[in-house]
Amino acid sequence: MTFISRRDLLKRVGAVAAAAPITGTLDLDRVAGGPVGSESTIDLIQAGSNRTALESFTAAEAELMDAIVARLIPTDENGPGATEAHAVRYIDRALGGALATSRQAYTAGLAALDRYAQSSRGAAFSKLSPTDQDSVLIDVETGAATGFTGSSAAFFAMVLGHTHQGTFGDPYYGGNANFIGWDLVGYPGVRTMVSAADQKALEAKQLKPNHKSAYEYESFTKASHDHEA
Amino acid sequence: MNVVVLALALMTTPAVQAAELEDVVVTGQTDDARKLLAGADVNATDKDGVTLLMRAASAGRDDMVALLLSKGANVNAKTTGGVNALMMACVGGYEAAAGELLAAKADVRAADNQGRTALMAAASSGSGFALVEMLKAGADVGAKDASGGTALTYAAAEGHADVAIVLKDHGAKPSNLELILAAGRCNTTVVGVFVQAGMSVNVTEAGTTPLIAAAGGDCVATVDVLLTYGANVDATNSDGWTALIKATAAGYSDVVRRLLAKGADITIEDSLGRSAPMYASRVDRQEIAAMFKERDPAQRTGREASAEQKALTVSSPTLKAGEPIPRDYTADGRNVSPPLSWSDVPAGTKSIALVCEDPDAGNPPPFVHWVIYNIPVNARAMPENVPFEPNAPMPAAISGAVQGLSGFRRPIYRGPAPPPGKVHHYHFIVYALDIGGLQAGLTRADLLEAIKDHVLAQGELIATYERKP
């Protein structure tokens, strides 16, 4: 199996982005033209498209966020995690809309977290081993980390909350890609009608999940963050 | 003891008949009552058996009581709860009303369904006159209520010294419990009455002594009286607490001062191995801590003293006693647990436990950084970096050990991360226990409770850490 983890892909994309003489957007042709197989190329384009879609985060912030959410809801034996759910894309979009008031807290908190990782563990957060990353995050969670405005625990709680939203919220908002979050917790999907047969299948854990956003039903009104932006 | 509550509850029962009359005997004029009574049943009751006489008695309307009695009211009628008019008058301290009832030959030996008598009611409200009259009329001074309390118990609990003297003079024998009750409620005069009646101040009841009860109630004058009468200043209660520990733990500095002046031993340890100075280590106990220091500047804490008695030597290849902890073991570094070793483990030890705590932080102190126990008895050292991942196996050297909850609410080691501005002291305390197999998930407090009376030896290594502002 020619397995390239999404994490590695993201890193390569990041490296290309850093080398490219452009800011904010990524030259997709350049990336897609790289020496990778067709299937991986699609992955790469998708991964790259996350970057081109950045609305709020800088590329460096997005990379740091990718590393953080990968530890908060990791990809492990339980299945894909916050990375595959594109939780960071959700947060990035929301910071330009409904979560706009948190933008400054992210700028300051992410900078503080990376400084703390550097001073305490000797490397930028995304360069640390998963164990050291977890250790750093525990210190941030418990308020033991230094360099934050106020307690680092408040920053941690905010990021964790938004990561949950981005992983388990309705895909309409940019996260929970491919319904990964819902599948992870066994949520059978938004259903306007549940038949007796559905109920039986659910109890037998044989109900096929309904991969539909709530907004694919006419009865749900789309909440638009454009008004708040 | 709750006669008054019961009476009030009955008074609020909606009147089912003669509502106007019920109202008049409490708040009205005797002339109006006399008119209404003409043709009415003077002994009518509500569904709880409450009579007009009782209503008048519990309202302290001696004029109405006299009127009702003259109209043929039954002086000894009882409610369904067994309460009579005399008890109601005595609970309220209405001595004139009680006098009218007694003049009408009210039964002074009657008891309600809880065994409570009018004498107890009078003792509780401090109604000395009514009490004396009842005693003259043959009231039983030794009668006991359902909880075993006598009239003297009620007087002691409420602090009515004069009543207590009268009861004592009529043959009431104060019990140890009554003395402790009075002491714990700062009823200094009652304590004095009992002691002058020949009671010993060094009695133990319900696991405590009068002095410890008074110390725990911040009863400075009572403590003085007990000490004057020869109370043993170092007596302990069922938790192994002395009066000094009790007052220190509660922060009662005036009581502590009295006890120290009487030579209280500040080295006595309670059943958790803690002495009074250790309870004074809280930030808001500085005044008391200063008193202990002044008393004996060389005074060591109980923990240090006991560690010396039952020496367990704790050391580390990287931590040095009294010196700053290397960054790698703090939140300013890798935040991994430090390597530690211990020796002189006594025979009979079944397992080892280790706690790291900072008495300079926490609310209340100490702030706990690490709790690890069920360490195998043959282990003599703890390697560096005990894993924090939930599923990671323990290092072979301490196989089987489990980690308890720290102040960070996680079952792992998290090193120093103190607020900047002062040096904090980190106590790595190792316990040799005669038990093992303790359940997982214990906090430090849970652990100390579980190992109470099972510590064969203990020792500690104290290192420091400070964050610069």
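Before any of the text, the structure's been laid out above.
Residues numbered from 1 in each chain as written. Chains lettered and ligands numbered in written order. Predicted model: local features only at pLDDT ≥ 70, side-chain atom pairs only at ≥ 80, totals over all residues. Heavy atoms only, no water.

**Student:** Give me the state of the cysteines: which residues, what numbers.
**Tutor:** Structurally, a disulfide amounts to a covalent bond that connects the sulfur atoms of two cysteines. All names here are of chain B. All chains considered together, the criterion is met by 1 disulfide over all chains. A disulfide bridge connects C186 with C219, and the sulfur atoms are separated by 2.0 Å. Between C186 and C219 the sulfur-sulfur dihedral comes to about -70 degrees; the bridge is accordingly left-handed. Residue C186 is found in the loop between helix 12 (176-184) and helix 13 (188-196), and its partner C219 is found in the loop between helix 14 (210-216) and helix 15 (220-228); the two are separated by 33 residues along the sequence. (Disulfide = S-S within 2.5 Å. Helix = DSSP H or I, 4+ residues; strand = E, 2+ residues; numbered from the N terminus.)

**Student:** Let's hear about unusual backbone geometry: which residues, and what values?
**Tutor:** For the bond from P365 of chain B to P366 of chain B, the omega torsion is -5 degrees, close enough to zero to count as cis. With respect to the helices and strands, P366 of chain B occurs in the loop between strand 3 (351-358) and strand 4 (367-376). With a phi angle near 60 degrees, H86 of chain A is a residue other than glycine that sits in the positive phi range. For H86 of chain A, the location among the structural elements is in the loop between helix 4 (59-72) and helix 5 (87-94). The phi dihedral of D453 of chain B is positive, around 70 degrees, even though this residue is not glycine. Taking the relative accessible area as the measure of exposure, D453 of chain B reaches 62% and is therefore exposed. (Buried < 20%, exposed > 50% of the residue type's maximum accessible area, 1.4 Å probe, protein only.)

**Student:** How would you summarise the packing of helix 10 (residues 151-158) of chain B against helix 11 (residues 161-169) of chain B if you had to cite specific residues and measurements?
**Tutor:** Residues and elements named next belong to chain B. Where helix 10 contacts helix 11, the two axes come as close as 8 Å, and the packing angle between them is 155 degrees. Viewed along their axes, helix 10 and helix 11 adopt a mutual orientation that is roughly antiparallel. Classified by chirality, the crossing of helix 11 by helix 10 is left-handed. Contacts between helix 10 and helix 11 involve A151, L152 and A155 from the former and V163, A164 and L167 from the latter. Per-class residue counts for the contact of helix 10 with helix 11 are 6 nonpolar, no polar and no charged. (Axes fitted to C-alpha atoms, helices over the stretch in contact; angles between N-to-C directions. Parallel < 35°, antiparallel > 145°, perpendicular 65-115°, else oblique. Left-handed = near helix turned anticlockwise from the far one by under 90°. Contact = heavy atoms within 4.5 Å. Nonpolar A, V, L, I, M, F, W, Y, C, P; charged D, E, K, R; others polar.)

**Student:** Which residues make up the sheet that holds strand 4 of chain B, and what values go with them?
**Tutor:** All names here are of chain B. Taken in spatial order, the 5 strands make up an open sheet running 6-4-3-7-8, and their pairing is antiparallel. Two strands in the sheet have a free side with no partner beyond their single neighbour: strand 6 (402-403) and strand 8 (455-465). Bridging between strand 4 and strand 6 involves 2 bridges; their strand directions are antiparallel. Pairing of Y373 across the sheet is with V402, part of strand 6. (Pairing = 2+ DSSP bridges.)

**Student:** I'd like to hear about the interface of chain A and chain B, residue by residue, with values.
**Tutor:** Taken residue by residue, the interface counts 13 residues in chain A and 14 residues in chain B. For the pair chain A and chain B, the two sides together bury roughly 1,100 Å², of which 49% comes from carbon and sulfur. Together, I138, T142 and A144 of chain A form the three largest contributors to the area buried by chain A at its contact with chain B, with a combined 36%. Across the contact surface, chain A and chain B share 2 salt bridges. A salt bridge links R410 of chain B to E141 of chain A, with the nearest nitrogen and oxygen atoms 2.4 Å apart. Where chain A packs against chain B, one counts 10 residue pairs in polar contact (both at pLDDT 80 or more). Broken down by secondary-structure element, the contributors of at least two residues to the side of chain A that touches chain B are helix 6 (103-121) and helix 7 (130-141) of chain A. Counting residues per element, the side of chain A that touches chain B draws most heavily on helix 7 of chain A, which supplies 6 residues. Class assignment of the residues belonging to the side of chain A that touches chain B gives a composition of 3 nonpolar, 6 polar and 4 charged. (Buried area = accessible area lost by both parts, 1.4 Å probe. Salt bridge = Lys/Arg side-chain N within 4 Å of Asp/Glu carboxyl O. Polar contact = N/O pair within 3.5 Å; in protein donor to acceptor, adjacent residues only side chain to side chain.)

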